[in-house]
Amino acid sequence: MIRRFPLLYSSISLGRQTLRNRIVFAAHLTNFASQGLPSEQHRAYYEERARGGAGLIITEELSVHPSDWPYEKMIHGFNDAVRPRYRTITESVHRHGALIFAQINHNGSQGSSLYSRLPLWAPSQIPDPLFREMPVAISEPTIAELFESYATTAQRAVDCGFDGIELQCSHSSIIRQFLSPKTNHRHDRYGGSLTNRSRVLLELINVVRSAIGPTAALGVRLCGDEMIDDGIEINEAVEVARSIEATGQVDYINTSIGVATASLYVIEASMTIPPLYSRFVPATLRRAVDLPIVGSGRIKDPTQAEKALADGDMDLVGMVRAQIADPNFATTAASDHPERIRLCLSCNQECVGRMGLNRWLSCIENPLAGREHIGHLHHDDERLDGLGGLGAPMPRSLGSAQRGRQRVLIAGAGPSGLQAALALTQRGHRVKVIEQRSSAGGMLTLAASLPTRAELGDLVRNQLQALEDRRIEITFGQSVDLDLITELSPDVLIVATGSAPKLPYFVSRFDTEQGSGLMVTEVGIVLTHALPLKGSVYIFDEIGFHHATSLALHLRSTADSVTIITPHLSVGQGLGVTLDLETWNTAANEADIRQLPERIVTSLDETGINVMVHTTGQAEHLDADALVLVNHRRPLDDLYHQTQSVRGLKRFRLGDALAPRRAHQCVIEGDLLGELL
Amino acid sequence: MSAAEAVEPEAAVNTSATSNERVRDGQLTALTPHQVGTYELKNRIIFGPHRTNFCHDRALGEASLAYYGARISSDVAMVVTEDLSVDPSDWPYEYAPEIQRSLPTLALLARLGYRHGTAVVASLNHSGAEGSSAYSQRVLLAPSDEVDVDAMEPPKSMEPYEIDLLKGAFRAAASNAVDAGASGIEINVSQRSVLRQFLSTLTNYRVDPYGTDRSLLFRETIGEIRHAVGNGSILGVRLCVDERASWGGITLETAAALLNDVGALLDYVVVTSGSGFTKYLYRPDFHQPAGFNADRARDLHDRSQGRSWALAVQGSITNIGIGEQLLNEGFCELVEMTRALICDPDLIPKLRTTQSPRPCIRCNQGCLPQDTRNISVRCLINPDSGWELSTASDGETTRNELGLPDHSLRRHRRSRRELGVHIVGAGICGLDLAIRLHEQGLDSVHLYDSQDEPGGTLRALAANRFAGNFDELLAYYLDLLTHVDVNIEQRFIRDLSDCNSIRDGDVVAYCVGAQPIPPEVLNGTSNGSVWIDTASIYSSPGIAYNKTVVLIDEMGSTESIATSEILLDSGASLHIVTSDPVFGTRSASTGDLVPSLQRLRARDCTVHTASRFILSTSNQHEVRPSGFVSPIFGHQKKYVTFDHLAEVGRRQSRPTPSNEALLNVHTFRLGDALAPRSISEALLEAERCATTIYEMLRLP
């Protein structure tokens with residue numbers, strides 16, 4: 001019994017299956033499938049969370065029918081070739097004492113024919129708002145074929161060791177489309193009243209239970225509120241939940257909110273949306289039925305999870321991103337040091353963000369997420385000094401022959417320097433970190449100071465916690481130069497000194513003070529010096545990510561007006577994949593922030609900014625008091641070049657000092673150094 | 001004008017030479033052989049390098065073999081593979097092949113090429129700053145830290161040892177490719193190329209010798225590659241001669257100077273245009289004229305007197321008439337006709353017959369897979385192109401209308417004489433099916449259409465020149481029809497008994513298409529009279545003359561753009577209302593997104609993005625209908641009065657004829673009659689239906 005979180009670690013039975021705790025690694029897309037089959041990547045990924053203590057793992061959806069192929073790396077649950085792959089996954093998970101259920105699904109109109117070259121199936125001929133492909137309104141014989149395919153897919157999964165089946169009837173699902181008045185306009189017995197619309201689900205439950213037998217668990221994932229016009233709302237969800245319970249064949253109900261193709265930003269909410277935001281859904285359903293209820297929604301703190309259970313809002317807690325970031329979440333939370341959990345940032349950058357781009361799932365701060373099966377290196381002969389090298393080529397005599405403990409000096413305690421420190425310490429090297437500023441985190445810590453971005457700072461917090469656990473100290477307020485290197489005489493120098501602002505052709509220097517006339521500065525400078533910009537402020541955004549949008553929200557408190565201009569076709573185009581566009585536009589509107597796309601800055605004068613609308617060629621003059629550039633920076637790698645002639649010193653650059661990019665690259669390169677040194 | 005070069009139509013080629021030009025072998029210059037280095041190409045036609053997304057595991061594979069094989073075996077002189085990365089550090093898209101892993105299939109391709117007398121050339125590349133770190137998770141490499149506008153990721157400025165490694169990688173790749181049997185190498189110095197980035201003032205700001213002399217890396221690399229492969233292999237360069245950025249970049253002058261230096265080492269040069277800022281102008285859609293690079297190629301020829309290398313002209317050469325015209329002018333020796341050969345791999349054999357090739361209409365809707373969905377290369381109007389491998393394996397299946405194997409259909413065998421096939425609807429789907437059945441030797445095919453002219457929706461599409469060259473596609477089908485012995489009976493089939501001598505066991509294919517339905521915003525209102533549907537707009541655009549039209553768009557497709565343009569062209573004042581953040585986003589893969597916005601901005605058109613349209617309900621007493629454009633994220637509604645309201649993409653399948661006579665027939669709904677989609681599905685389903693009927697007739 002874990003004293004601190006007694007409910008979270010209490011066992012629970014779902015039908016005839018018993019879980020060791022309430023922590024669920026719920027179903028989520030991974031893009032790990034290869035040719036429609038689950039892969040070694042899947043196996044290692046799930047095993048790591050089972051080893052890390054999760055009570056229940058629910059796999060990503062397994063498709064029940066070839067007409068369902070909405071995204072390239074779908075698992076084809078209808079293909080018998082999955083069997084051996086399933087077995088290795090279930091065996092791996094069971095080995096560590098966790099249970100594993102298979103979520104099965106057909107996405108219906110929330111799909112595409114681009115891969116399958118088969119028409120889409122749906123209750124009615126209504127195109128999905130995201131996929132926009134017209135489906136076929138399926139007939140009753142086809143519904144029967146659908147049921148049959150669910151049955152065989154479920155049976156196959158249970159045969160191969162899955163302890164239960166979850167029917168996906170929310171998010172993206174043909175069953176949801178039958179349930180929802182928005183997508184079901186049928187006039188037969190499967191359309192119209194709620195009873196009719198639920199008929200497909202209830203018949204399906206019978207079919208699947210018959211196929212899997214009484215021992216395996218059977219759950220239904222239901223949407224509590226689609227958050228769209230004319231969609232499912234909580235009162236109907238309650239009715240459906242009651243009729244599910246009444247079948248007597250279902251062991252639990254998992255819950256959700258939103259529609260994957262219309263309101264995804266509420267399903268996988270980023271840090272802009274408060275934790276436990278969708279709590280009302282499981283809470284309401286739990287009070288309506290006796291079946292165990294799973295709740296989720298940006299729950300990543302064991303204290304929050306425990307409270308949600310204690311308040312009676314749910315019986316099990318889905319914590320997906322928390323366990324992507326830290327596969328050992330469950331065991332660490334149960335230990336004496338829950339502060340050692342590598343907290344998820346809810347940034348959505350490398351998990352959700354990669355899903356939208358058809359890439360395998362990873363994590364901004366856990367670069368081994370998605371690489372559990374292979375580690376960092378792609379090829380056996382990977383060299384740090386190959387093309388795309390982090391370091392200068394080594395003379396043969398100082399190459400890989402040199403093993404054993406190295407004395408490593410790391411210049412810079414931003415995310416890349418801290419990650420390198422961790423990775424190298426873990427391998428037994430002696431590490432010293434020196435930071436010029438008075439605190440760690442570099443640009444990332446500055447970014448986290450902006451509205452809605454605070455949780456980004458947890459990346460650095462997590463790194464510092466890990467370093468503290470290993471008793472690695474950082475020296476602040478000191479610069480690394482040739483003299484220091486001579487004095488310390490390390491074996492390895494890691495230049496993690498970050499980036500500096502870059503002057504575009506139309507600016508001769510950046511200002512750090514606002515005087516009369518147009519002040520021209522850059523986002524890093526504004527944050528470093530905490531500049532309170534006043535008057536009419538313009539932000540010229542060439543990056544299209546959170547830099548400009550969160551800066552705009554911040555500057556609104558001091559400026560009279562804030563406008564973002566960008567050459568892109570819309571402001572914040574990079575916010576789409578992290579599901580931040582809707583919340584940004586809502587906030588921008590409320591804060592009266594203007595957004596002017598399709599514009600490039602051509603020149604500046606005392607009164608303001610000259611821009612050109614590049615789609616029309618039209619020139620505009622914008623009166624402004626201040627212009628803040630959000631543009632690509634330049635690497636600060638002077639130290640790397642200055643130390644070229646130091647004999648016997650292995651030198652590397654990483655993170656922004658190599659090329660100013662994003663945080664995940666800093667973390668990856670820090671880890672890579674650990675594997676290669 | 002605009003920052004990137006304004007997209008002005010160029011008087012490049014007289015395109016009155018149509019795809020129907022049929023000349024017997026011997027009269028076409030394009031079909032005469034030509035010496036390229038030590039290799040004699042059997043004609044002048046090249047299948048150029050392009051992304052296929054076949055190369056899983058970063059290797060040319062079976063699908064590549066089948067795909068290129070179809071062109072090799074149909075007499076193309078030279079087939080150039082997709083760009084092969086010379087080093088694993090270059091991983092620009094998920095299925096980007098790299099040279100080492102591709103050698104086995106390259107060897108097979110080379111053998112196949114040898115058998116058919118086709119040169120198989122390996123294209124070699126490194127994408128530099130135009131690559132991606134998403135798969136390799138390694139930093140991008142480039143001459144300087146200039147960021148590519150699509151990759152949006154600062155690269156590392158290459159160190160001298162990395163430049164040496166890069167040259168070594170090109171050298172080794174070239175050696176290995178020819179050792180595997182390739183006839184030669186094509187070096188990519190055009191779109192998405194680090195070598196181009198080194199050449200260009202837009203991207204190379206180095207201060208070392210590779211910056212002070214931007215041509216240095218190119219010259220050294222070519223020299224080393226030629227040395228590595230010797231004189232027995234073809235060495236070509238795909239060279240961007242015009243980056244179409246008014247403020248800098250490679251120009252014809254710099255390109256000509258470059259070729260003066262290394263020309264003696266080269267066997268051919270493919271002339272391309274478009275840079276990092278203008279990627280969409282590299283293989284543009286129909287908005288750019290056919291043969292748009294001809295002037296550039298002519299200019300380069302003029303500056304390259306006494307050249308020993310062959311000049312290959314590239315750029316929307318989509319029918320042989322254009323290619324022939326350019327060849328006959330004398331400034332070029334070879335023509336690259338990639339998209340024409342994607343659309344019809346049998347282009348060249350057909351030139352020797354009376355058959356017209358299927359016409360590439362430069363819609364770019366299947367052949368330019370650019371985004372991360374990894375869609376494999378295909379053709380909107382040819383259901384087999386890009387599917388050569390799967391067609392070979394599962395071509396003989398009986399399928400039901402949902403495309404699923406249906407073995408029960410095999411049991412219903414009838415003899416050719418007995419089986420009647422009734423095709424209801426002579427749109428492109430019905431026409432295609434009828435033609436296929438004729439080719440399969442079926443006698444009793446009945447084709448019905450309710451209109452006095454066949455073509456259905458395609459005819460409406462063909463009437464809107466802003467939609468593309470669909471008139472050529474219609475002409476192609478009508479031409480095919482004249483070769484087959486199928487009558488179209490003008491008749492509306494209300495009930496199956498209206499079909500000619502229909503009997504038990506016959507097959508009925510419903511190709512009745514789709515009908516327009518009113519915009520959702522009009523549901524439950526009595527304002528139906530303001531509604532105009534897109535088919536009517538296409539056929540009779542004059543209805544919008546001097547009118548204010550509200551066009552609701554939740555599709556963001558090429559149809560959205562074409563509908564807007566024909567309305568504007570007919571004198572309408574247009575309000576486009578879309579909930580998307582940008583209008584027309586789904587057209588991005590065709591390359592027309594930015595140009596379309598440029599065109600719209602110049603017209604009497606207000607685009608309301610991130611907005612919805614709400615009809616006023618209280619306007620019974622007003623003369624004109626009105627409504628509000630309501631922003632999704634704001635509160636300020638805009639009041640709009642209008643004359644007509646339309647919505648893009650509102651269609652539903654037409655009802656199928658009833659079967660009151662209760663005949664025991666096999667029915668299939670195909671194309672839009674099954675679900676309103678695109679030409680692609682209509683043609684695929686017609687093909688599958690034809691195959692199914694064929695299988696139903698096969699003797700045991």
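The rules we used
- Residues numbered from 1 in each chain as written.
- Chains lettered and ligands numbered in written order.
- Predicted model: local features only at pLDDT ≥ 70, side-chain atom pairs only at ≥ 80, totals over all residues.
- Heavy atoms only, no water.
- Helix = DSSP H or I, 4+ residues; strand = E, 2+ residues; numbered from the N terminus.
- Rg over C-alpha atoms; globule rule 2.2 N^0.38 Å.
- Buried < 20%, exposed > 50% of the residue type's maximum accessible area, 1.4 Å probe, protein only.
- Contact = heavy atoms within 4.5 Å.
- Areas by Shrake-Rupley, 256 points an atom, 1.4 Å probe, with all protein chains shown as cover.
- Lys, Arg positive; Asp, Glu negative; His and termini not counted.
- Charge placed at Lys NZ, Arg CZ, Asp CG, Glu CD.
- Patch = residues over 30% accessible without salt bridge, like charges linked within 9 Å, V, L, I, M, F, W, Y side chains within 5 Å.
- Salt bridge = Lys/Arg side-chain N within 4 Å of Asp/Glu carboxyl O.
- Domains from an automatic or database assignment.
- Buried area = accessible area lost by both parts, 1.4 Å probe.
- Polar contact = N/O pair within 3.5 Å; in protein donor to acceptor, adjacent residues only side chain to side chain.
- Expected span 1.5 Å × (residues − 1).
- Pairing = 2+ DSSP bridges.
- Axes fitted to C-alpha atoms, helices over the stretch in contact; angles between N-to-C directions.
- Parallel < 35°, antiparallel > 145°, perpendicular 65-115°, else oblique.
- Left-handed = near helix turned anticlockwise from the far one by under 90°.
- Nonpolar A, V, L, I, M, F, W, Y, C, P; charged D, E, K, R; others polar.
- Phe/Tyr/Trp six-rings, centres within 6.5 Å; stacked < 30°, edge-to-face > 60°.
- Lys NZ or Arg CZ within 6 Å of the ring centre and 35° of its normal.
- pLDDT = per-residue confidence, 0-100.

Focus on the overall build of chain B
Helix and strand counts for chain B stand at 19 helices and 27 strands. Against the compact-globule benchmark of 27 Å for 700 residues, chain B has a radius of gyration of 27 Å, which places it among compact chains. If one aligns the C-alpha atoms of chain B with their principal axes, the spans along those axes are about 80 × 70 × 45 Å. Buried positions account for 64% of the 700 residues belonging to chain B.

Some points on the overall build of chain A
Each helix and strand in chain A was counted, giving 21 helices and 29 strands. Relative to the globule expectation of 26 Å for 677 residues, the C-alpha radius of gyration of chain A, 27 Å, shows essentially globular dimensions. With respect to the principal axes defined by its C-alpha atoms, chain A has extents near 80 × 65 × 50 Å. Within chain A, buried positions represent 63% of all 677 residues. Here the contacts in chain A between residues at least 6 apart in sequence split such that 70% fall between residues at least 24 apart. Counting every atom, chain A has about 23,900 Å² of accessible surface; 49% of that belongs to carbon and sulfur. Of note, chain A has its 64 positive side-chain charges centred 6 Å away from the centre of its 77 negative side-chain charges.

Topic: a negative patch on the surface
Residues and elements named next belong to chain A. Residues Asp 560, Asp 605, Glu 606, Asp 623 and Asp 625 make up a contiguous surface patch of negative charge. With respect to the secondary-structure elements, Asp 623 resides in strand β26 (residues 618-623). Residue class for Asp 623 comes out exposed when judged on its relative accessible area of 53%.

Quick look at the domain arrangement of chain A
Residue and element names in this part refer to chain A. By domain assignment, chain A separates into domain 1 (12-356), domain 2 (399-500 + 635-676) and domain 3 (519-632). A straight line from the C-alpha centre of domain 2 to that of domain 3 covers 32 Å. In this assembly, 10 residues from domain 2 lie in contact with 10 residues from domain 3. Carbon and sulfur atoms make up 70% of the surface buried where domain 2 meets domain 3, a total of about 870 Å² over both sides. It is Leu 450, Arg 453 and Arg 662 that lose the most area in domain 2 upon contact with domain 3, and together they represent 49% of the buried surface on that side. The interface formed by domain 2 and domain 3 includes zero salt bridges. Put simply, domain 2 and domain 3 have one residue pair in polar contact (both at pLDDT 80 or more) between them.

Describing helix α3 (residues 160-179) of chain B
All names here are of chain B. Under the 1.5 Å per step criterion, the end-to-end length of α3 is 29 Å for 20 residues, consistent within 8% with the ideal 28 Å. Within α3, the full set of buried residues consists of Tyr 161, Glu 162, Ile 163, Leu 166, Lys 167, Gly 168, Ala 169, Phe 170, Ala 173, Ala 174, Ala 177 and Val 178. Just past α3, the residue Gly 181 takes up positive phi, approximately 115°.

What to know about the sheet that holds strand β24 (residues 599-605) of chain A
Residue and element names in this part refer to chain A. With antiparallel pairing, the three strands of this open sheet are ordered in space as β24-β25-β26. Each edge of the sheet is formed by a strand with only one pairing partner; in this case those strands are β24 and β26. Strand-to-strand twist across the sheet, computed as the mean angle between neighbouring axes with direction ignored, equals 30°.

Considering the pairing of strand β18 (residues 492-495) of chain A
Residues and elements named next belong to chain A. Covered by surrounding structure in β18 are Val 492 and Ile 494 together with Leu 493 and Val 495, the residues of both alternating faces. Two strands pair when backbone bridges link them, and strand β15 (residues 407-411) and β18 are joined in this way by four bridges, in the parallel orientation. Pairing of Ala 411 across the sheet is with Val 495, part of β18. By the bridge criterion, four bridges tie β18 to strand β29 (residues 650-653) in an arrangement that is parallel. Its bridge partner lying in β29, Ile 494 is registered against Phe 652.

Structural notes on the packing of helix α13 (residues 415-426) of chain A against helix α21 (residues 663-676) of chain A
The geometry of a pair of packed helices is captured by two quantities: the angle between their axes and the separation between those axes. Residue and element names in this part refer to chain A. Relative orientation of the contacting elements α13 and α21 amounts to 30°, with a least axis distance of 7 Å. Of the possible angle classes, the one that applies to α13 and α21 is roughly parallel. Of the two possible hands of crossing, α13 and α21 adopt the one that is right-handed. In this structure, α13 uses Pro 415, Ser 416, Gln 419, Ala 420, Ala 423 and Leu 424 to contact α21, whose residues at the interface are Cys 666, Val 667, Gly 670, Asp 671, Leu 673 and Gly 674. Looking at side-chain class alone, the contact of α13 with α21 contains seven nonpolar, four polar and one charged residues.

Description of α21 of chain A
Residue and element names in this part refer to chain A. Between its first and last C-alpha, α21 extends 20 Å over 14 residues, near the 20 Å set by a 1.5 Å rise per residue. Judged by how many residues are buried, α21 sits mostly within the fold: 12 of 14 residues are covered. When we look at burial in α21, the residues that qualify are Ala 663, His 664, Gln 665, Cys 666, Val 667, Ile 668, Glu 669, Gly 670, Asp 671, Leu 672, Leu 673 and Gly 674. Contacts from the buried residues of α21 go to α13, α14 (442-447), α15 (458-469), β18 and β29.

A short note on the interface of chain B and chain A
Taken together, the 74 residues of chain B in the interface contact 73 residues of chain A. Both faces combined, the contact of chain B with chain A buries some 6,000 Å², and carbon together with sulfur accounts for 54% of it. Contact with chain A buries area across many residues of chain B, yet Gln 137, Arg 138 and Phe 633 of chain B alone supply 14% of it, more than any other trio. On the surface where chain B and chain A come into contact, there are six salt bridges. Residue Glu 520 of chain B is joined to Lys 182 of chain A by a salt bridge in which the shortest nitrogen-to-oxygen separation is 3.9 Å. In this assembly, chain B and chain A are joined by 23 residue pairs in polar contact (both at pLDDT 80 or more). Taken together, the elements giving at least two residues each to the side of chain B that touches chain A come down to α3, α18 (593-601), β26 (651-653) and α19 (679-697) of chain B.

Overview of the packing of aromatic side chains
Residue and element names in this part refer to chain B. Tallying each qualifying case throughout the model produces 19 aromatic pairs over all chains. Ring centres 5.3 Å apart and planes at 75° place the aromatic pair Phe 54 and Tyr 67 in the edge-to-face group. Taken together, the residues Phe 54 in the loop between β3 (45-47) and α1 (62-72) and Tyr 67 in helix α1 connect sequence positions 13 residues apart. An identical accessibility class is assigned to Phe 54 and Tyr 67; each is buried. Between the aromatic rings of Tyr 476 and Tyr 477, the centroid separation amounts to 5.4 Å while the plane-to-plane angle is 85°, which identifies the pairing as edge-to-face. Its relative accessible area of 6% is what places Tyr 476 among the buried residues. Note that Arg 307 overlies the ring of Trp 309, its terminal NZ or CZ placed 5.1 Å from the centroid.

Structural notes on a nonpolar patch on the surface
A surface patch of nonpolar side chains, about 290 Å² in accessible area, is lined by Val 149, Trp 247 and Phe 277 of chain B. Its place among the elements puts Trp 247 of chain B in the loop between β10 (234-242) and α7 (252-262).

Quick notes on the sheet that holds strand β27 (residues 626-630) of chain A
Residue and element names in this part refer to chain A. Strands sit in the order β20-β27-β21-β22-β23 across an open sheet of five strands; the sheet is parallel. Whereas interior strands pair on both sides, the edge strands pair on one side only; in this sheet they are β20 (519-522) and β23 (594-596). Between one strand and the next, the sheet's axes are offset by a mean angle of 20°, whatever the strand orientation. With five bridges connecting them, strand β21 (residues 536-541) and strand β22 (residues 561-565) associate as parallel partners.

Focus: the confidence of the model for chain B
Residue and element names in this part refer to chain B. Residue-level pLDDT values for chain B average 92, and 94% of them are 70 or greater. Taken as a whole, residues 1-25 scores under 50 in pLDDT and shows 64 contacts with residues more than four places along the chain or in a different chain. Confidence estimates for the predicted assembly give a pTM of 0.95 and an ipTM of 0.95.

Examining the side chain of Ser 190 of chain B
Mapping Ser 190 of chain B onto the fold places it in the loop between β9 (184-189) and α4 (194-199). Beyond its immediate sequence surroundings of up to four residues, Ser 190 of chain B is in contact with Arg 196, Arg 238, Leu 239, Cys 240, Thr 272 and Tyr 282 of chain B.

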